[in-house]
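Descriptive analysis of the structure
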Amino acid sequence: MKYVSFLIKPASSACDMRCSYCFYRDVADHRAHAVRERMSERTMRALIDRALGLGDDAQVTFAFQGGEPTLAGLDFFRAFTAYVGERRTNQTVSYALQTNAHTLTPEWAAFFREHDFLVGVSVDAYRELHDSLRKDIALGPTHARVMESVGMLREAGVDFNVLTVLSAQLARHPQRVFKFLTREKIDYVQFIPCLAGFDGEGAEYALTPRAFFSFYRTFFDLWLREVQAGRYFSVGLFDNVMQMSLGQYPQACGMLGRCAPQFVVESNGDVYPCDFFALDEWRCGNVCEDTLEEMATCETMRAFLAEPRRECSACADCPFEGICHRNCKRLNAAYYDEDYCGYRAFLEHAYDGLARAARMLAG
């Protein structure tokens, strides 16, 4: 059985919010020519044809991200799912979408429920912090509207989770973040380390290795207390470490120190190997012109996958090197510097507890 996943940018980096730390706006600004157009029907159909052309037994995931992917319009997504339905034979197809949830409507929620979308909602925990970092285009607050959308998704029966950017500002308040998640009964949260831009822009928001450890040490202790009391909720990093403690592969790409080939599809059909590196130098082809096999095996993809990780002196005697290997080559800026590894410090603190929790949940 063949499995393939696409991370699709149907509206490129366009967004109806102005977050202080937006990483994809920085990526898009570092390309020689900005991609401004929404994805055309021709490109959409070419992408679907490539995916379903893998064979009747293929497992295909179409995940939409941005920018803000809903700016492509509900009609685009209706046309996308309709064409998949027209072309699909026996393939297993799943959908996911990451949204700032600022302008969702009941029509969107009904569509997500009809087509079994897994929806990720971006919210930086409690109101004061979120509103200071995630503003609308008029630089006004957005937290209340996002939480209204969370209620709307719940009411419609949409499967959703929360994505929170772990910025330097948020990392100072693990107790408040934990209180928000438990109060709002969030079942799954993924913390994405905030990174400075390629030229250092936004460094004041970027997560440092020491802040990484400080946040997760406290957050883990609070989480483990809840788990031991029979109140479990899923945390992305913890889930992946627990999987590895059971001898399983983590779900997150790069956690074992090697990249997996990805198909990040820009709105014009250009394909890149990674969301963090959707740059001119790493363009692998275009879905309207190149086959998936050609793009997956091209010299650019091979060079990207072979690129080494940065050095860290803490790796020399690290007991967790076998489940890290310097981790993701972009996100590891938040994990370690030349002489200190916050990820190692966290695992030294939490690994045994996570392994016990993994065995308990598995058994």
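Coordinates for the structure precede this section.
About the cut-offs
Residues numbered from 1 in each chain as written. Predicted model: local features only at pLDDT ≥ 70, side-chain atom pairs only at ≥ 80, totals over all residues. Heavy atoms only, no water. Helix = DSSP H or I, 4+ residues; strand = E, 2+ residues; numbered from the N terminus. Expected span 1.5 Å × (residues − 1). Buried < 20%, exposed > 50% of the residue type's maximum accessible area, 1.4 Å probe, protein only. Contact = heavy atoms within 4.5 Å. Lys, Arg positive; Asp, Glu negative; His and termini not counted. Salt bridge = Lys/Arg side-chain N within 4 Å of Asp/Glu carboxyl O. Polar contact = N/O pair within 3.5 Å; in protein donor to acceptor, adjacent residues only side chain to side chain. Pairing = 2+ DSSP bridges. Right-handed = clockwise from strand over helix to strand, strands pointing away.

Brief notes about helix α3 (residues 74-87)
Its 14 residues give α3 an end-to-end C-alpha distance of 20 Å, which sits within 8% of 20 Å, the value for a rise of 1.5 Å per residue. Looking at α3, one finds that the buried residues are L74, F76, F77, F80, T81, Y83 and V84. Taken together, the buried residues of α3 touch β1 (3-8), α2 (41-52), β3 (59-64), β4 (92-99), α4 (106-114) and β5 (117-122).

Thoughts on the side chain of E68
When you line up the elements, E68 lands in the loop between β3 and α3. At 6.8 Å, R134 is the nearest oppositely charged side chain to E68, a buried residue that forms no salt bridge. A distance of 2.9 Å separates the side chain of E68 from the side chain of T99, its partner in a polar contact. In contact with E68, not counting residues within four places along its chain, are A11, A14, C15, D16, Q98, T99 and N100.

Quick notes on the pairing of β4
Within a regular beta strand, the side chains point alternately toward one face of the sheet and then the other, so they alternate between its two faces. Within β4, 6 of the 8 residues are buried, which leaves it mostly tucked inside the rest of the structure. Pairing analysis gives 6 bridges linking β3 to β4, with the strands arranged parallel. Considered in β4, the bridge of A63 is made with A96. Since β3 and β4 lie parallel, the crossover through α3 that links them has a hand, and here it is right-handed. The handedness of the β4 to β5 crossover, carried by α4, is right-handed.

Examining the environment of M152
Among the secondary structure elements, M152 is positioned in helix α6 (residues 143-156). Residues M152 and A109 lie 43 residues apart in sequence; the distance between their C-alpha atoms is 7.0 Å. Once you skip the residues sitting within four places of it in the chain, M152 turns out to touch L104, T105, P106, A109 and R145.

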